[in-house]
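The residues making up each chain are set out below.
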Amino acid sequence: MTGFSKVAVYRQDLPPRGGYAPMAWARVPARRIPLWPFVSLWFASNLFGYFYYASEKRQYWQNEMETDESRSCIEPVLLAEQDRIVLRQYRANRDEETKLMKDVPNWEVGTWFGDKVFKSRTFFPDRPHLLDYYGVSRPSTQRLDVNASQWQL
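Predicted model only: the values in this text are computed from it and were never measured. (Residues numbered from 1 in each chain as written. Predicted model: local features only at pLDDT ≥ 70, side-chain atom pairs only at ≥ 80, totals over all residues. Heavy atoms only, no water.)

So, about the pattern of salt bridges. Under the definition given, this model contains 3 salt bridges. Residue arginine 71 pairs with aspartate 68 through a salt bridge whose shortest N-O separation is 3.7 Å. Taken as a pair, arginine 71 and aspartate 68 lie in helix α1 (residues 36-100) at a separation of 3 residues, close to a single helical turn. The class of aspartate 68 is partly exposed, set by a relative accessible area of 42%. When the shortest N-O distance is used, the salt bridge between lysine 99 and glutamate 96 registers 3.9 Å. On the criterion of helical spacing, the pair formed by lysine 99 and glutamate 96 is a turn pair, its members being 3 residues apart in helix α1. (Salt bridge = Lys/Arg side-chain N within 4 Å of Asp/Glu carboxyl O. Helix = DSSP H or I, 4+ residues; strand = E, 2+ residues; numbered from the N terminus. Buried < 20%, exposed > 50% of the residue type's maximum accessible area, 1.4 Å probe, protein only.)

This part takes up the UniProt feature "transmembrane region" (unreviewed entry) in the protein. Within the UniProt annotation, "transmembrane region" (unreviewed entry) is assigned to residues 33-53. Here residues 33-53 runs as 86% helix and 0% strand, with 32 Å between its end C-alpha atoms. (UniProt positions renumbered as here; feature names shortened; annotations may be inferred.)

Listed below in structure tokens is the structure:
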């Protein structure tokens, strides 16, 4: 015979002597958290934030005014430098035209087949035309300068 023929002995699970402890079944209300610390913290942070914002706003506008003043002070210098660059390029164009057309008889530098381009000697355009400015330069130079000018503020 195998072990299957033996009968298993079960032991009944009984309560401990004296019984179980009494069960707490009555409703226990949750502990209330006081509201005044949160409200006072909110009020203090808002008060601090308002005064901090006011001081930062004042500092921001002082910096903005200083930046505007510095821009207005430096603008004539930048415009003069830009005019110098344009005049230097015009001079280089005239020198190049002189060198290119030296073998052409009766050629006057700065004229269009003998006709003056400008009626007065005091005329100077605010912004030179691209064909005047880059008249005798390589196209790659023109492309580079045009692309660089698009990055300026």
